[in-house]
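Each chain is listed here by its residues.
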Amino acid sequence: MKRILLTGMSGTGKSTVIGELAARGYKAVDADCDEFSEWVEVTGNAGTLESPVEVDRDWVWREDRIQDLLSTEDTDVLFLSGCAENMQKFLSQFDHVVLLSAPTDIIVERLRTRTNNQYGKHPDEIARVLGLVETVEPLLRRAAGHEIDTSACLEDVIAILLRLIQP
């Protein structure tokens, strides 16, 4: 089974891309949901590279559920999308890590207009995302084997991704 992680900052299109892959019949899982992620308390400097989503709590992957998902051999290809402080523990289990990126003006517009998630509507949240583009996105870029600029049309983004799974 090939396992492909789609990661990137809020507003880069992870949910849109994973939804399109699922609509095409692929096993495509968005980890940014209660089934695969949870709020955890953060006290002081927890040693994270990024600031928590809120002052005293952060949204992280449920490690047992992510591991179960990655260990299940029920399909030829698994696409998983998400970005969490604790995802580094799983990077070695992916055949491909793909960074989805976009120019900051597009990210801001997507955050302001998206309807599937309220995160990014408040100016503080937009500022946080733009800060993470500067601090965390370079780290993701180093971990990724591929980067796709999602300012391209969705069809082109999907075509690039599907080339990764060709034998």
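The structure we're discussing is the one just above.
Below is a short write-up of the structure. (Residues numbered from 1 in each chain as written. Predicted model: local features only at pLDDT ≥ 70, side-chain atom pairs only at ≥ 80, totals over all residues. Heavy atoms only, no water.)

This part covers the sheet that holds strand β2 (residues 27-30). If you walk across this open sheet you meet the 5 strands as β2-β5-β1-β6-β7, and the pairing is parallel. Either end of the sheet is taken by a strand with one partner, and the two such strands are β2 and β7 (146-149). If you compare each strand with its neighbour and ignore which way they point, the axes differ by 20° on average. Note: strand β1 (residues 2-7) against strand β6 (residues 96-101), 4 bridges, orientation parallel. (Pairing = 2+ DSSP bridges. Helix = DSSP H or I, 4+ residues; strand = E, 2+ residues; numbered from the N terminus. Axes fitted to C-alpha atoms, helices over the stretch in contact; angles between N-to-C directions.)

For G82, the location among the structural elements is in the loop between β5 (77-81) and β6. In the structure, G82 is positioned 45 residues away from S37 in sequence and 9.4 Å away in space, judged by C-alpha atoms. Not counting residues up to four positions away in its chain, the partners in contact with G82 are L5, L6, T7, G8, K14, W61 and M87. (Contact = heavy atoms within 4.5 Å.)

Inspection of every chain in the model, using the stated rule, returns 3 aromatic pairs. Judged by centre distance (5.6 Å) and plane angle (90°), the rings of Y26 and F79 are edge-to-face. In this pair, Y26 is assigned in the loop between α1 (14-23) and β2 and F79 in strand β5, connecting sequence segments 53 residues apart. The positively charged end of R57 is found above the aromatic ring belonging to W39, 4.0 Å away from the centroid. (Phe/Tyr/Trp six-rings, centres within 6.5 Å; stacked < 30°, edge-to-face > 60°. Lys NZ or Arg CZ within 6 Å of the ring centre and 35° of its normal.)

Residues L5, M9, W61, I66, L80 and F94 are the most contacted members of the largest nonpolar core, which totals 29 residues. A total of 4 residues in this core trace back to one element, the largest contributor, which is helix α4 (residues 123-135). V17, F79, L162 and I165 belong to the second-largest nonpolar core, a separate cluster that totals 17 residues. (Core = buried A, V, L, I, M, F, W, Y, C linked by side-chain atoms within 4.5 Å. Buried < 20%, exposed > 50% of the residue type's maximum accessible area, 1.4 Å probe, protein only.)

Between side chains of opposite charge, pairing is possible as soon as their charged atoms come close. On inspection of all chains with the given rule, the structure shows 8 salt bridges. With a shortest N-O distance of 2.9 Å, K27 and D74 are connected by a salt bridge. Placement of K27 in strand β2 and of D74 in the loop between α2 (63-71) and β5 is noted, with a sequence separation of 47 residues between them. Of the residues examined, K27 reaches a relative accessible area of 23% and is grouped as partly exposed. Salt bridges here are not isolated pairs; linked through shared partners, they connect E20, R24 and E155. (Salt bridge = Lys/Arg side-chain N within 4 Å of Asp/Glu carboxyl O.)

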